[in-house]
Amino acid sequence: MSKFKIVVTDSPFPSLDPAKEALARLDPLVVQAKSPSAEDILAEARDADGILVTYAKLPGELLRECKKLKVIGRFGLGVDNIDVPAAKELGIVVTYVPDYCLHEVSDHAMALLLAIARKIPLADRSVHGGEWKMPVVVPLRRFNTMTLGLIGFGGIPRNLAPKAQAFGFKVIASDPYLPQDVFDKAGVESVSLDELYARSDLISVHAPLLPATRGLVNDEAFAKMKPGVMIVNTARGPLIDEAALVRALDSGKVAAAGLDVVTVEPLPKDSALIGRPNVVLTPHTGFYSVEALLELETKCASDVARVLSGEKPVYPVKM
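Residues numbered from 1 in each chain as written. Predicted model: local features only at pLDDT ≥ 70, side-chain atom pairs only at ≥ 80, totals over all residues. Heavy atoms only, no water.

Quick look at the sheet that holds strand S11 (residues 254–259) now. The seven strands lie next to each other as S8-S7-S6-S9-S10-S11-S12, forming an open sheet whose pairing is parallel. A strand with exactly one partner marks an edge of an open sheet, and here the two such strands are strand S8 (189–190) and strand S12 (279–281). Both strand S10 (residues 229–233) and S11 contribute to a ladder of five bridges, which runs parallel. In the strand pairing of S11, isoleucine 231 is matched with alanine 257. (Pairing = 2+ DSSP bridges. Helix = DSSP H or I, 4+ residues; strand = E, 2+ residues; numbered from the N terminus.)

Shown next as structure tokens:
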């Protein structure tokens, strides 16, 4: 009988073989829950030593039912779906993979920025509709006359900055938790959030989702922005107050938006964001590449194996 049981709550992967290979030194029993519901997770996890989770919710009351649980590995960058304080209280180590899709998400953010700045989807829709008219996209501005503001300056926006600079954008960023030398090394001006709102022609959101940042970009924030500002979000949907965004789009304060993440996923079919020619929507695909998934799966499972082997994880969540 295997010494360890590891439960996979939910998985975006075509195969769990890379994770199983990373766990092989434990010779564990790896099982997948029937669904990411609390009931189905608990059906397997009550006697589990480890959990591997993607999007499933792991609240404190669920964790307290898992009496043997020693480690939770999150297949992702953030841990807002895990009750980390409860895990700390219970002595459960939580790990994640903060560096697995820096290239992919920064590429996706850049693609959305270019798409809305050059009005590519609008032009495409016009041509497919039988038109061939340049005025459809008027006005457009030269990139080297525009300023891109980055809300947050962690790994993804630090990868995005040189890509934007290569197109000619002036890049500024707001992140109160980083020392000045991080900005200096990147050739990016450090500014307050209010100054970023006032100066940016385009804004890309990259803050972590915390109680203090939920609804960060709201009516008050939009009021401080330039008329005709464009905004992209590839971080977490709830960072933007969507009702406020719709109001800003309706008023023309926001000229265009590119969203890979939204507050409720999948996006409800009756969402006021759907059907707008100046809103580009992608279904939370910014993280994806073949290489990124392999890296994510392997790193996450490897850290779970380390914890269960009595070793320190490479990517522990600070508690």
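There's more to say after this.
Before going further, it helps to examine the UniProt feature "domain: D-isomer specific 2-hydroxyacid dehydrogenase catalytic" (unreviewed entry) in the protein chain. Here the UniProt-annotated "domain: D-isomer specific 2-hydroxyacid dehydrogenase catalytic" (unreviewed entry) positions come out as residues 23–317. This span, residues 23–317, is 36% helix and 15% strand, and a straight line between its end C-alpha atoms measures 20 Å. (UniProt positions renumbered as here; feature names shortened; annotations may be inferred.)

Within the UniProt annotation, "domain: D-isomer specific 2-hydroxyacid dehydrogenase NAD-binding" (unreviewed entry) is assigned to residues 110–286. Along residues 110–286 the backbone is 33% helical and 17% strand, and the end-to-end C-alpha distance reaches 10 Å.

Turning next to the side chain of arginine 74. For arginine 74, the position within the fold is in strand S4 (residues 71–74). Despite being buried, arginine 74 has no salt bridge partner; aspartate 80 is the closest side chain of opposite charge, sitting 5.4 Å away. A polar contact of 2.7 Å, which involves the side chain of arginine 74, links it to the backbone oxygen of glycine 78. Among the polar contacts made by the side chain of arginine 74, one reaches the side chain of asparagine 81 at a distance of 3.4 Å. Residues contacting arginine 74, with those up to four places away along its chain left out, are Val53, Thr54, Val79, Asn81, Ile82, Thr95, Tyr96, Val97, Arg236 and Cys300. (Buried < 20%, exposed > 50% of the residue type's maximum accessible area, 1.4 Å probe, protein only. Lys, Arg positive; Asp, Glu negative; His and termini not counted. Salt bridge = Lys/Arg side-chain N within 4 Å of Asp/Glu carboxyl O. Polar contact = N/O pair within 3.5 Å; in protein donor to acceptor, adjacent residues only side chain to side chain. Contact = heavy atoms within 4.5 Å.)

At the junction of valine 138 and proline 139, the peptide bond is cis and its omega measures out at 0° in the coordinates. By secondary structure assignment, the location of proline 139 is in the loop between helix H6 (120–128) and strand S6 (147–151). Located in the positive-phi region is aspartate 27, a residue other than glycine, with phi close to 50°. Its place among the elements puts aspartate 27 in the loop between helix H1 (17–23) and strand S2 (29–32). When its relative accessible area of 57% is taken as the criterion, aspartate 27 is described as exposed.

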